[in-house]
Amino acid sequence: MNLVSNLSICLHPMQNKKPKLIVIGGPTAIGKTKAAIGLAQRLNTEIISADSRQIYKQLSIGVGRPSDEELNSVKHHLIGNIDITQHYHAADFEQDALHILDTLYQEKEVAIVCGGTGLYIQTLCDGIDEMPEIRPEIREDLNQRFQEEGITFLQELIKEKDSELLLSIDIHNHKRLIRAAEIIIQTGLPFSSFRKSKKSERNFEPVFFCLYNERDIIRQNISDRVHQMFENGWIAECEQLLPYRNLKALQTVGYKEIFDHMDGKYSLEDTKQLIVTHTYQYAKRQMTWFKKDNRYQWIIHPDELYYNLK
């Protein structure tokens, strides 16, 4: 079934009793926001953000949050509504997004979820297993080893025990690596094995699309965006966030490099180049994640999402 046919079904849900959820995934800086807004306007519906960093109130420039104009053009959900001091996981996103969809589907026949956090999208559409409680001594030992040995030992542990996870995790985020390592050591199983092998029953039917382009274009898009973020005042944003630099929400590409720049570790130009490189590496992992799910239809031009709808 081709793209237009799928979207035609979305517009004519009587062919299928369940309402539709249009999923728009893809790597960072590929144009997901613009595509989702254009489609939402055509379908008269709303957007749920599946971005694990845009959900935090205090993060704006460095996470590529949609502009005020974009946010006002279509109603968005789960952007800027969680304090950075709060822990927020995929299971939290699942419950929040399901609640929003229950409300939306009382009036809408179609909804949109858009973002680059593949785990959030997968959890919303398929569910996620409950994670086991971790013995305190495991957590303490891992944190102690991190302090003594640095992040490399965590990266090597994940590479050895759960290579699949490397496709979706930020390998520079020590807190996420520690969380995965805790599960591996506690259970003897890969962290990725706790992602639902049996899909949860949903009252909607997802239709999956992934935006992509040539790698050189993606890298150039990332470079352009990073330089624009600095022009928009990213360093000033980080100065306000400096007291919170060790929080989980800030253990992410961009903020870490700028904090190191503030410490005198890198020059401004080196910082920009590091962010571009690390963001591009993350984008490649995002692409690999989405490619592993054969439900996604891959499109280059966002216009394909909404032109010639019937």
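The model shown is predicted, which means the values in this text are computed figures rather than measured ones.

## Focus: the sheet that holds strand β2 (residues 47-49)
Working step 1: An order of β3-β2-β4-β1-β5-β6 is seen for the six strands of this open sheet, with the pairing classed as parallel. Of all strands in the sheet, those with a lone pairing partner are β3 (76-77) and β6 (297-299), marking the two edges.
Working step 2: Here strand β1 (residues 20-25) pairs with strand β5 (residues 205-211) via six bridges, running parallel. Within β5, the residue paired with K20 across the bridge is E205.

## Quick notes on the side chain of T45
Working step 1: Mapped onto the secondary structure, T45 falls in the loop between α2 (32-43) and β2.
Working step 2: For T45, the side chain forms a polar contact with the main-chain oxygen of V110, separated by 2.4 Å.
Working step 3: Ignoring sequence-local partners within four residues, the contact set of T45 consists of A40, V74, K108, V110, A111 and I112.

## Considering empty space enclosed by the protein
Working step 1: Enumeration according to the criterion identifies one cavity of 30 Å³ or more in this entry.
Working step 2: Forming the walls of the largest cavity are P27, R215, I218, Y280, A283, K284 and M287.
Working step 3: The greatest single-element share of the lining of the largest cavity, amounting to four residues, is contributed by helix α12 (residues 268-291).
Working step 4: Here the lining of the largest cavity is composed, by residue class, of five nonpolar, no polar and two charged.

## Some remarks on the confidence of the model for the protein
Working step 1: When the pLDDT values of the protein are averaged, the result is 88; 91% of them are 70 or greater.
Working step 2: Of the regions scoring below 50 in pLDDT, residues 1-5 engages in eleven contacts with residues more than four places distant in sequence or in other chains.

## Structural notes on the pattern of salt bridges
Working step 1: Inspection of the entire model under this criterion finds twelve salt bridges.
Working step 2: E201 is paired through a salt bridge with K18; the nearest N and O atoms lie 3.1 Å apart. In this pair, E201 sits in the loop between α8 (174-187) and β5 while K18 sits in the loop between α1 (3-11) and β1, placing the two residues 183 residues apart along the sequence.
Working step 3: The exposed category is assigned to E201, whose relative accessible area is 67%.
Working step 4: We note a salt bridge from R139 to E182, for which the minimum N-O separation is 2.6 Å. You can see R139 sitting in helix α6 (residues 136-149) and its partner E182 sitting in helix α8, a full 43 residues away along the chain.
Working step 5: Assessed through its relative accessible area of 3%, E182 is described here as buried.

Calculation rules
- Residues numbered from 1 in each chain as written.
- Predicted model: local features only at pLDDT ≥ 70, side-chain atom pairs only at ≥ 80, totals over all residues.
- Heavy atoms only, no water.
- Pairing = 2+ DSSP bridges.
- Helix = DSSP H or I, 4+ residues; strand = E, 2+ residues; numbered from the N terminus.
- Polar contact = N/O pair within 3.5 Å; in protein donor to acceptor, adjacent residues only side chain to side chain.
- Contact = heavy atoms within 4.5 Å.
- 1 Å grid on protein atoms, 1.4 Å probe; cavity = no way out; pocket = protein on both sides within 12 Å on 5 of 7 lines; lining within 4 Å.
- Points joined across faces, edges and corners; volume = space filled by probe spheres on them.
- Nonpolar A, V, L, I, M, F, W, Y, C, P; charged D, E, K, R; others polar.
- pLDDT = per-residue confidence, 0-100.
- Salt bridge = Lys/Arg side-chain N within 4 Å of Asp/Glu carboxyl O.
- Buried < 20%, exposed > 50% of the residue type's maximum accessible area, 1.4 Å probe, protein only.

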